[in-house]
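# Architecture and fold: a report
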Amino acid sequence: MSRRALRRLRGEQRGQEPLGPGALQFGFCDDDDAEEDGPKRGPGGRRPRGAEKEGVRVNNRFELINIEDLEEGPVVNGERPDSLLTDAVVSGSKRRSQSGSAEPKKDGEVAVPLEQSNASGKLRKKKKKQKNKRNSTGETSENGLEDIDRILERIEDSSGPHRPGPPPLSSRKHVLYVEHRHLNPDTELKRYFGARAVLGEQRPRQRQRVYPKCTWLTTPKSTWPRYTKPGLSMRLLESKKGLSCFVFEHSEEYQQTQHKFLAAVESMEPNNIVVLLQTSPYHVDSLLQLSDACRFQDDQEMARDLVERALYSMECAFHPLFSLTSGACRLDYRRPENRSFYLALYKQMSFLEKRGCPRTALEYCKLILSLEPDEDPLCMLLLVDHLALRARNYEYLIRLFQEWEAHRNLSQLPNFAFSVPLAYFLLSQQADLPEQELSSAREKASFLVRQALTMFPGVLMPLLEYCSVRPDAAVANHRFFGPDAEISQPPALSQLVSLYLGRSHFLWKEPAIMSWLEENVREVLQAVDAGDPAVEECENRRKVLYQRAPRNIHRHVVLSEIKEAVAALPPDVTAQSVMGFDPLPPVDSISSYTRPERLSPVSHGNTIALFFRSLLPSYTMEGERPEDGGAEGLDRSQGLNRLMLAVRDMMATFHFHDLEAPHEDRAEGDGEWD
């Protein structure tokens, strides 16, 4: 038994003996003591604190700590073990009083109870666990104190003057910054209906199948086919000026699938796309095209499911450096491989808006706009204001207008010209803002809406008609807002106005908004009658700026499917064939691979093939059928039988009549009636 154990049995504690000549030794201890007490040097070879005081030999660093020091002991797992040390001291004093082995306290001596060593042993074990835990997580702390950062913060707060910290994160975010949590529609639906109503029993069912990675855009479903890499990947092209340009790439296998898909589209038979998806269930363009077919047949649930599967396929192919939220990643729309991602995001955004999730749809709109904000291939600036107003995110719309007005001239778009003052007015109706801010927002709204009415007078009368409001005779018969204002505006401007009114007219139906609009209309009429030079200036600007809409606006109108705007498209656009998987492709497209040429029946002058094709559009001759053609699942004999049935039906409708036949029929008919 070691000497320390004997001292514990006698109730003695090291450091309590009277100091004498033999106590001033710092020699080596026995092996037993070394095994019991552990190392005598701290980290870095330093002796424990208090070992040099009065020349006392100390093996346990806790033996010279008073009870007051124990009450303010080290931090264990983020909390001070006050209750542990207090309980240890109290229980030790009780045991000592019961056993009677403790010596009376003398004057000038510090009495440390016997049980303090037990508490020290427990604390040492706690400290050892804490040290191992801190070392395993990469944190460096000594004697159980807080980390260095917290200590430095305390030193700066106590000694130096307070320095203003960096601005909050929200103020430093880019205007196109996308938040991950708002990409999930369940987050928005939970605020409306609660988690139990939204999730239900979805969570246990979705855990049945393990998917390769966690995704932000969609949540994989157990009803989907098992995911296998379809040959889609993403590559980093270049990084310059803080922007990273990426591109999707198709493998050889995916290219063959793409060729089959194009052949299936040309056949105008949706079943061919279904057959293709049986072998390639995650081919993006096939999923998008079949989604449109399901949507036209009013199967909205299946259409949305196919778009989500396409998004999941593309998100699984993301480059590790591609970020959805930073706003610094670019995808060139001129490359056909990238267009599928744009269209999938747009279709998903449309479904979310119809589902009643405008906040989530706004994040998708910002994401599409951040992929190529300068070119804006899908012209999301014509939609972002509508989604911001529906989501009641007025501050974001005002901020976007203030930051982009200088270099994008957003006030020249009718949707921004009317949506921004509407946002200011709705902001002024909130009761939780100070009175000064409310009055300032109201004045700003009135000023901007008067500018909008002066620049776009042809918006007022159609807007009142949409809202079922009959204007005053003074307004309806005035030359500025009368029928001439709508007729005289350029065709491109009429298209933009039709797009905005067809999409956002219901936002103006509130009585308070109509009263505010009426007040500003009267003020605009007074300015017009007074001969304000701004009226003539705006008229000249309308004639110059809106001669012809660019191609991205036409593409946006086609995707929006708003009847009034589609009817206003120019004839050269409506004459083109518009494909759902690639509407109005750019003129300067960059193709990484080309489709192999197919033999055309016109080139061979095969009139029989032309005749059969007019009867059955999916008919193809043997010579023009590529290897593993698009309809490889269809049996040739089955296609021939369908062709023969079509020919028989056509021949059955032919009737040959001679000149005498009508008289015979008429005579027979007369006989029957008699």
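Here the structure is a predicted model, which is why all the values come from computation and not from measurement.

Criteria and thresholds
- Residues numbered from 1 in each chain as written.
- Predicted model: local features only at pLDDT ≥ 70, side-chain atom pairs only at ≥ 80, totals over all residues.
- Heavy atoms only, no water.
- Core = buried A, V, L, I, M, F, W, Y, C linked by side-chain atoms within 4.5 Å.
- Buried < 20%, exposed > 50% of the residue type's maximum accessible area, 1.4 Å probe, protein only.
- Helix = DSSP H or I, 4+ residues; strand = E, 2+ residues; numbered from the N terminus.
- Domains from an automatic or database assignment.
- Contact = heavy atoms within 4.5 Å.
- Phe/Tyr/Trp six-rings, centres within 6.5 Å; stacked < 30°, edge-to-face > 60°.
- Lys NZ or Arg CZ within 6 Å of the ring centre and 35° of its normal.
- Salt bridge = Lys/Arg side-chain N within 4 Å of Asp/Glu carboxyl O.
- pLDDT = per-residue confidence, 0-100.
- Pairing = 2+ DSSP bridges.
- Expected span 1.5 Å × (residues − 1).
- Axes fitted to C-alpha atoms, helices over the stretch in contact; angles between N-to-C directions.
- Parallel < 35°, antiparallel > 145°, perpendicular 65-115°, else oblique.
- Left-handed = near helix turned anticlockwise from the far one by under 90°.
- Nonpolar A, V, L, I, M, F, W, Y, C, P; charged D, E, K, R; others polar.

Right, let's talk about the nonpolar core for a bit. In terms of nonpolar packing, the biggest core is built from 129 residues, with Leu-217, Phe-322, Phe-341, Phe-416 and Trp-508 touching the most fellow members. With ten residues, helix α19 (residues 414–428) is the largest single contributor of residues to this core. Looking at which domains feed residues into this core, each of domain 1 (174–197 + 213–378) and domain 2 (380–548) gives three or more. Those residues in contact with Leu-217 that sit more than four places away from it in its chain are Leu-183, Leu-311, Glu-315, Phe-318, Leu-324, Phe-341, Leu-345, Tyr-364 and Leu-367. The next biggest cluster of nonpolar side chains, apart from the first, holds five residues, and it includes Trp-224, Tyr-227, Tyr-282 and Cys-316.

Within the structure shown, the criterion is met by 18 aromatic pairs. For the pair Phe-318 and Phe-322, a centre-to-centre distance of 4.8 Å together with 55° between the ring planes defines the contact as tilted. Accessibility expressed as a relative area gives 8% for Phe-322, which makes it buried. Linked through ring pairs, Phe-246, Phe-248, Phe-318, Phe-322 and Phe-341 together constitute an aromatic cluster. Positioned over the ring face of Tyr-282 is Arg-309, at 6.0 Å from the centre of the ring. Here the guanidinium or amino end of Lys-366 rests over the ring plane of Tyr-396, the centre of that ring lying 4.7 Å away.

On to the pattern of salt bridges. According to the stated counting rule, one finds 23 salt bridges in the structure shown. Put simply, Arg-595 and Glu-266 hold a salt bridge, and the shortest N to O gap is 2.9 Å. Taken together, the residues span a long stretch of sequence, with Arg-595 in the loop between α29 (571–574) and α30 (601–604) and Glu-266 in helix α11 (residues 252–266) at a distance of 329 residues. For Arg-595, a relative accessible area of 28% gives the class partly exposed. Accessibility expressed as a relative area gives 48% for Glu-266, which makes it partly exposed. Among the ionic pairs, Asp-332 bridges to Arg-334, the shortest N-O distance being 2.9 Å. On the accessibility criterion, Asp-332 (18% relative accessible area) is buried. One continuous salt-bridge network, built from bridges that share partners, spans Asp-292, Arg-295, Lys-347 and Glu-561.

In this section: the side chain of Gln-258. Summarising the element assignment, Gln-258 is placed in helix α11. Once you skip the residues sitting within four places of it in the chain, Gln-258 turns out to touch His-283, Asp-285 and Tyr-593.

Our focus in this paragraph is unusual backbone geometry. The phi torsion at Lys-241 lies on the positive side, around 55°, for a residue other than glycine. With respect to the helices, strands and loops of the structure, Lys-241 is situated in the loop between β1 (232–240) and β2 (243–250). Here Asn-409, not a glycine, exhibits a phi torsion of approximately 50°, which is positive. Tracing the sequence through the fold places Asn-409 in the loop between α18 (394–408) and α19.

Turning our eyes to something else, we now look at the confidence of the model for the protein chain. Parts of the model with low pLDDT should not have their predicted coordinates read in detail. Across the protein chain, pLDDT averages 75, with 60% of residues at or above 70. Considering only residues more than four positions removed or in separate chains, one finds that residues 18–117, a stretch of pLDDT under 50, has 104 contacts. Confidence drops under pLDDT 50 across residues 622–635; counting only partners more than four residues distant or on other chains, this segment forms 20 contacts.

Another point: the pairing of β1. The side chains of a regular strand alternate, residue by residue, between the two faces of the sheet. Pairing geometry for β1 and β2, over eight bridges, is antiparallel. When the bridges of β2 are listed, Met-234 appears paired with Phe-248. Counting the residues in the hairpin turn of β1 and β2 gives two residues, including Lys-241, whose phi is positive at 55°.

All right, on to helix α13 (residues 284–296) then. Here α13 contains 13 residues, and its C-alpha end-to-end distance of 19 Å stays within 8% of the 18 Å for a straight helix at 1.5 Å per residue. Across the 13 residues that make up α13, a large majority, eleven, are buried. Of the residues making up α13, those classed as buried are Val-284, Asp-285, Ser-286, Leu-287, Leu-288, Gln-289, Leu-290, Ser-291, Asp-292, Cys-294 and Arg-295. Considering only its buried residues, α13 is in contact with β1, α11, α12 (270–279), α14 (300–315) and α15 (336–355). Asp-298 sits one or two residues past α13 and shows a positive phi near 65°.

Right, let's get into the pairing of β2. Looking at chain direction, β2 and strand β3 (residues 329–331) are connected through three bridges and run parallel. Bridge pairing in β3 links Phe-246 to Leu-331.

Attention now goes to the sheet that holds β2. The strands making up a sheet associate through hydrogen bonds between their backbones, and the pairing can be parallel or antiparallel. Here we have three strands laid out as an open sheet, ordered β1-β2-β3, and mixed in their pairing. Of all strands in the sheet, those bounded by a partner on one side alone are β1 and β3. Recorded for the sheet is a direction-independent mean angle of 35° between the axes of neighbouring strands. Along the sheet, α15 makes contact with β2 and β3, crossing β2 at roughly 100°.

Between helix α24 (residues 491–504) and helix α27 (residues 551–560), the least distance of the axes is 12 Å, while the angle of their chain directions is 30°. As the angle between them shows, α24 and α27 are arranged roughly parallel. Regarding α24 and α27, the two cross each other, and that crossing is left-handed. For the pair α24 and α27, contact is made by Gln-495, Leu-496, Leu-499 and Arg-503 and by Ile-553, His-554, His-556, Val-557 and Ser-560, respectively. Its residues assigned to classes, the contact of α24 with α27 comprises four nonpolar, four polar and one charged.

Looking now at the environment of Glu-486. Tracing the sequence through the fold places Glu-486 in helix α23 (residues 483–487). When near neighbours in sequence (up to four residues on either side) are disregarded, Glu-486 contacts Gly-458, Pro-462 and Ser-494.

Counting along an α-helix, one turn takes 3.6 residues, and residues three or four places apart therefore face a common direction. Relative to the 20 Å expected for 14 residues at 1.5 Å per residue, α24 spans 20 Å between its end C-alpha atoms, a close match to the ideal helical length. Extensive coverage of α24 is indicated by the burial of ten of its 14 residues.

A few words on the packing of helix α8 (residues 185–193) against helix α16 (residues 358–371). At their nearest, the axes of α8 and α16 sit 8 Å apart, and the two run at 155° to each other. The pairing of α8 with α16 is recorded here as roughly antiparallel in orientation. Seen along the crossing, α8 lies across α16 with a hand that is right-handed. For the pair α8 and α16, contact is made by Pro-185, Glu-188 and Arg-191 and by Pro-358, Arg-359 and Thr-360, respectively. For the contact of α8 with α16, the residue count by class is two nonpolar, one polar and three charged.

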